[in-house]
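The lines below spell out each chain.
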Amino acid sequence: ANLGCGQIMLEYESFQHKHVCAFRSLECPECRRQVAARDMANHRVSHVCSAGRVTYDKDNHSLQIKPHILHFLPCKYGIDPSSTPTLADAGDELVKALLDVKTIQLLLGADVEVIKHRNVSRLFLDEQHQSWWYNLSLNRAHEVVERLRQAGIPEENLLSPRIVTSEHEGLAMQLRVTGVS
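As the structure is a computational prediction, the values presented were derived from the model and not from experiment. (Residues numbered from 1 in each chain as written. Predicted model: local features only at pLDDT ≥ 70, side-chain atom pairs only at ≥ 80, totals over all residues. Heavy atoms only, no water.)

Moving on, we get to the pairing of strand β3 (residues 54-57). Remember that side chains alternate between the two faces of the sheet whenever the strand is regular. Burial of the side chains of β3 is restricted to one face: Val54 and Tyr56 are buried, whereas none of Thr55 and Asp57 on the reverse face is. Relative to strand β4 (residues 62-65), β3 runs antiparallel, the two being bridged by four bridges. Among the inter-strand pairings, aspartate 57 is bridged to a residue of β4, identified as serine 62. The hairpin formed by β3 and β4 contains four residues between the paired strands, and histidine 61 there has a positive phi angle of roughly 55 degrees. (Buried < 20%, exposed > 50% of the residue type's maximum accessible area, 1.4 Å probe, protein only. Helix = DSSP H or I, 4+ residues; strand = E, 2+ residues; numbered from the N terminus. Pairing = 2+ DSSP bridges.)

The next thing to look at is the nonpolar core. Ranked by size, the top nonpolar core spans 27 residues in total, and within it Val54, Ile65, Val101, Ile104 and Leu148 carry the most contacts. Mapped onto this core, the elements with two or more residues apiece are α2 (40-49), β3, β4, α3 (92-108), β5 (110-119) and α4 (127-150). With six residues, α3 is the single largest residue contributor to this core. (Core = buried A, V, L, I, M, F, W, Y, C linked by side-chain atoms within 4.5 Å.)

One pass over the full model with this rule turns up seven salt bridges. For glutamate 30, the salt bridge identified is with arginine 44, shortest N-O distance 3.1 Å. Of this pair, glutamate 30 sits in the loop between β1 (25-27) and β2 (34-36) while arginine 44 is found in helix α2, placing the two residues 14 residues apart along the sequence. On the basis of relative accessible area, glutamate 30 is assigned to the partly exposed category, the value being 43%. For arginine 149, the salt bridge goes to glutamate 155, with nearest N and O atoms at 2.6 Å. Through salt bridges with shared partners, a single ionic network connects Glu146, Arg149 and Glu155. (Salt bridge = Lys/Arg side-chain N within 4 Å of Asp/Glu carboxyl O.)

In structure tokens form, the structure reads like this:
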């Protein structure tokens, strides 16, 4: 029997195959469209992103909570950077965005790594100022990890946050999808 997915097999083998074939058609529970099984996770991620709280780049496995939702209050140099960073009040939107991250993490079977981007062109007063800024950035990344933990992402799926230098300032979450390099 030719099953339409390129597989040719005996009739009795086709019954089992049609239940595991990546090309079989499934109905999306959100929109009721028929979607190939192999594309269902990414299709459902697009539904989560359509709420407008998070964006996901499937090519880079990069997930971001919109900056107006995940925003830290300014911190003046000299204040202890190890104190708990203060998130600006985004109301229920932050809770919903964290739950969106959890949903995407579950759909993709991914580990989540919070990455704080530090602007390479930032001017520092001295080495102590640069160290202070690094510690503040790292503590902000740790605060996001803690909020993701509180949202229900399992500990084993939360990787240690890291700081990278880039041309822009911001927070991003890198998803490490199981089986994808």
